[in-house]
Amino acid sequence: MEDMAQLALQMEENDGVSGEHMKKMWEGQANVLVCVRVRPLLKHDVIKKSICRVLDSKVVIIMDPQADNKADILRAKRTREKQYAFDYVFEQGTSQESMYHHSAKFLIHGVLDGFNATVFAYGQTGSGKTYTMIGSDREPGIMVRVMEDLFMYSEKIGSRQGQVFKVTVSFLEVYNENIRDLLSDVVEYLDLREDPIKGPVVAGITEVETKSSQHIMELLTQGNERRTQQPTAANEVSSRSHAVLQVVVEGNDRAPGAVANIKVGKLSLVDLAGSERAANTQNRGIRLVEGANINRSLLALGNCINALGEKGNKGNFVPYRDSKLTRLLKDSLGGNCRTVMIANISCAESAFEETLNTLKYANRAKNIRSNVQRNVLNVNFHISEYVSLINNLRSEIKSLKDQMGDNKDPPSRQQQQRGRGAASAEAFDFHRDRDRLPSPNGVEQRDRGGGSGGGRGTPSTPLQQLRDSMRGAVGSSISGFSTAEGRLLVNNMRKRIVENFQERIWLLPVARGWCLRRQGRRG
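Residues numbered from 1 in each chain as written. Predicted model: local features only at pLDDT ≥ 70, side-chain atom pairs only at ≥ 80, totals over all residues. Heavy atoms only, no water.

**Observations regarding the overall build of the protein chain**
Across its full length, the protein chain carries 16 helices and 18 strands. Residue burial in the protein chain is summarised as follows: out of 523 residues, 47% are buried. At a minimum sequence separation of 6, the contacts of the protein chain that also span at least 24 residues come to 74%. (Helix = DSSP H or I, 4+ residues; strand = E, 2+ residues; numbered from the N terminus. Buried < 20%, exposed > 50% of the residue type's maximum accessible area, 1.4 Å probe, protein only. Contact = heavy atoms within 4.5 Å.)

**Regarding the packing of aromatic side chains**
Inspection of every chain in the model, using the stated rule, returns 3 aromatic pairs. Between Tyr84 and Phe86, the ring centres sit 6.3 Å apart and the planes meet at 35 degrees, which makes this aromatic pair tilted. With respect to burial, Tyr84 and Phe86 carry one shared label: buried. A ring pair is formed by Tyr122 and Tyr361, whose centres lie 6.0 Å apart and whose planes are at 80 degrees; its orientation type is edge-to-face. Of the two residues, Tyr122 is situated in strand β6 (residues 117-123) and Tyr361 in helix α12 (residues 352-365); the sequence distance between them amounts to 239 residues. Taken as a pair, Tyr122 and Tyr361 share a single burial class, namely buried. The ring of Phe115 has Arg338 sitting right over it, with the charged end atom 4.4 Å from the ring centre. Directly above the ring of Phe86 sits Lys366, whose terminal nitrogen or CZ lies 5.4 Å from the centroid. (Phe/Tyr/Trp six-rings, centres within 6.5 Å; stacked < 30°, edge-to-face > 60°. Lys NZ or Arg CZ within 6 Å of the ring centre and 35° of its normal.)

**Re helix α6 (residues 142-161)**
An ideal rise of 1.5 Å per residue puts 28 Å on 20 residues; α6 measures up with 27 Å between its terminal C-alpha atoms. Count one or two residues on from α6 and you reach Gly162, which has phi positive near 70 degrees. (Expected span 1.5 Å × (residues − 1).)

**A look at the sheet that holds strand β3 (residues 59-62)**
Read across the sheet, 3 strands follow the order β2-β3-β4 without closing on themselves; strand pairing throughout is antiparallel. Bordering the open sheet on either side are β2 (52-55) and β4 (82-85), each of which pairs with just one other strand. The average angle at which neighbouring strand axes cross in this sheet is 20 degrees, direction not considered. As defined by bridge partners, β2 adjoins β3 across 4 bridges and the pair is classed as antiparallel. Its bridge partner lying in β3, Leu55 is registered against Val59. Packed on one face of the sheet, α12 meets β3 and β4 and runs near 35 degrees to β4. (Pairing = 2+ DSSP bridges. Axes fitted to C-alpha atoms, helices over the stretch in contact; angles between N-to-C directions.)

**Points about the side chain of Arg39**
Along the polypeptide, Arg39 turns up in strand β1 (residues 33-39). Take Arg39: its relative accessible area is 8%, and that puts it in the buried class. Looking at Arg39, its side chain comes within polar contact range of the main-chain oxygen of Gly126, at 2.9 Å. When near neighbours in sequence (up to four residues on either side) are disregarded, Arg39 contacts His44, Asp45, Gln92, Gly126, Ser127, Gly128, Ile345, Ser346 and Cys347. (Polar contact = N/O pair within 3.5 Å; in protein donor to acceptor, adjacent residues only side chain to side chain.)

**Section: the environment of Tyr100**
Within the secondary structure, Tyr100 is located in helix α3 (residues 96-101). In this structure, the C-alpha to C-alpha distance between Tyr100 and Thr132, residues 32 residues apart in sequence, is 8.9 Å. For Tyr100, the contacting residues outside a window of four places in its chain are Lys105, Ile108, Arg145, Val146 and Asp149.

**Details of the packing of α6 against helix α7 (residues 213-226)**
Viewed as axis vectors pointing N to C, α6 and α7 meet at an angle of 155 degrees, and their least axial separation amounts to 9 Å. Taken together, the axis directions place α6 and α7 in an arrangement best described as roughly antiparallel. Crossing geometry of α6 relative to α7 is assigned as right-handed. Between α6 and α7, the residues in contact are Met143, Val144, Met147, Glu148 and Phe151 and Ser213, Ile216, Met217 and Leu220, respectively. Split into classes, the residues belonging to the contact of α6 with α7 amount to 7 nonpolar, 1 polar and 1 charged. (Parallel < 35°, antiparallel > 145°, perpendicular 65-115°, else oblique. Left-handed = near helix turned anticlockwise from the far one by under 90°. Nonpolar A, V, L, I, M, F, W, Y, C, P; charged D, E, K, R; others polar.)

**A closer look at the pairing of strand β17 (residues 338-346)**
Most of β17 is tucked away: 9 of the 9 residues are buried. Alternating residues of β17 divide into Arg338, Val340, Ile342, Asn344 and Ser346 and Thr339, Met341, Ala343 and Ile345, and every residue in both groups is buried. Where β1 lies against β17, 7 bridges are found, and the strand directions are parallel. The residue of β17 that forms the bridge with Arg37 is Asn344. By the bridge criterion, 7 bridges tie β6 to β17 in an arrangement that is parallel. Bridge pairing in β17 places Val119 opposite Val340.

**Notes on the environment of Gln282**
As for its placement among the helices and strands, Gln282 is situated in the loop between α8 (278-281) and α9 (286-309). We classify Gln282 as exposed; its relative accessible area is 56%. Through-space distance from the C-alpha of Gln282 to that of Thr232 is 7.2 Å; in sequence the pair is 50 residues apart.

**Some details on the pattern of salt bridges**
According to the stated counting rule, one finds 10 salt bridges in the structure shown. With a closest N to O distance of 2.7 Å, Asp113 and Arg374 form a salt bridge. Residue Asp113 is found in the loop between α4 (107-112) and β6, and its partner Arg374 is found in the loop between α12 and β18 (376-380); the two are separated by 261 residues along the sequence. With a relative accessible area of 41%, Arg374 lands in the partly exposed category. With a shortest N-O distance of 4.0 Å, Glu194 and Arg327 are connected by a salt bridge. (Salt bridge = Lys/Arg side-chain N within 4 Å of Asp/Glu carboxyl O.)

**Some thoughts on unusual backbone geometry**
In the Ramachandran plot, Asn176 falls in the positive-phi region, its phi being about 55 degrees despite a non-glycine side chain. With respect to the helices and strands, the residue Asn176 is situated in the loop between β7 (163-175) and β8 (178-181). Notably, Glu177 is not glycine yet its phi reads approximately 65 degrees, a positive angle. Along the polypeptide, Glu177 turns up in the loop between β7 and β8.

As structure tokens, then:
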């Protein structure tokens, strides 16, 4: 939280903005953060007249295109002018860097700290969603900038706090209600399944572990080349599918102690296909089918936004399963996630209806609340459990030895040699580590008896050496023994304990079988 507050102050000094909308989310605000980006006029706009106005980077006003029409008597006193207030509104000509600083950059610290985050662009076709998310070579978008800052901050936090981060990337598209892996050479459709812990997961998706931002850029370029894009009358590079880039970050300590805390944060970057009208795009054949499926999935997304955005709508049904897109964005729309929605609109008069519908959905999305929680996996390494298991094995071995001692027929020579070899190797290893581990009082353990004398001297059996070594390890963890060398020794002790368990568990059936055969001969 302190690092995030410092980042907000730095942004306020450099960019001259307050960043109140980001501070609220850092303080625990659970509402979806909604931003609006106004696209300037382009050559394919039919009517090159702007109808959008932006006030104080918070309010967007949509002017009535028929306000100057005096011939329409019925609408003379019924204006269609609308105004909406959002967390942040980007005017025409806003740079990619400024847009990134005020919308998505603050999510990186939360992802490294174990929180889920999602950024998705919503709007009509040709409104600049792909440019916002991916950008160009000169002006990279949110996906490119997030990946660069993610590795930069992970290196800083890792060196300062002694943590190691593992970054895994997957890239997919939803085309005609089918999921396809963009990082795989095999062209096949994948299944979407529900995991009780992870939530919606794609079976068989390619997950690539990356070590640098340059590697992710190569994967992103490779996926974009395989993504389905076709020209239409409304957009020369129209995206015919929804693209989802998911980044999973796992962070843990370099030298974990008895309890290892693993933070898992997931960042989803979504580039939605734009809603379109067949009359404007002039689509035919397969392009018409693609547009119908795009509108169908966006309609399901709008229905989910309407259901979640209604005030007091607790426990009501939300139609997540109407589309695979809404199933993928289930956690992003109302689950454990910090969500940023960027609504892209066109300022052209010819796109008045589409712009108005986009702003209506964005205005409803402001009321969506989510339950944000840190994802931490606690991996416990309790040495006391190993001690109890050793004691149980010791009692069982003692009872078997007593049964074997009552019989005159000793075990075979091969079994004796195998047992002596395992015991001698075990005694050597545990005696060496026992001398290196500090005692609970901070003094290294040595031979207590001072040689071969009796009393409480050097343990005579491997099992006693194992028990004393484990007592020293438990005492070391209780007394605050947390150095890297001590942790390494404890980890080595754990490995040898497991090997000792396997050795003894393997010998137990042999001893039991020998006793049963001996009892059968007596009978």
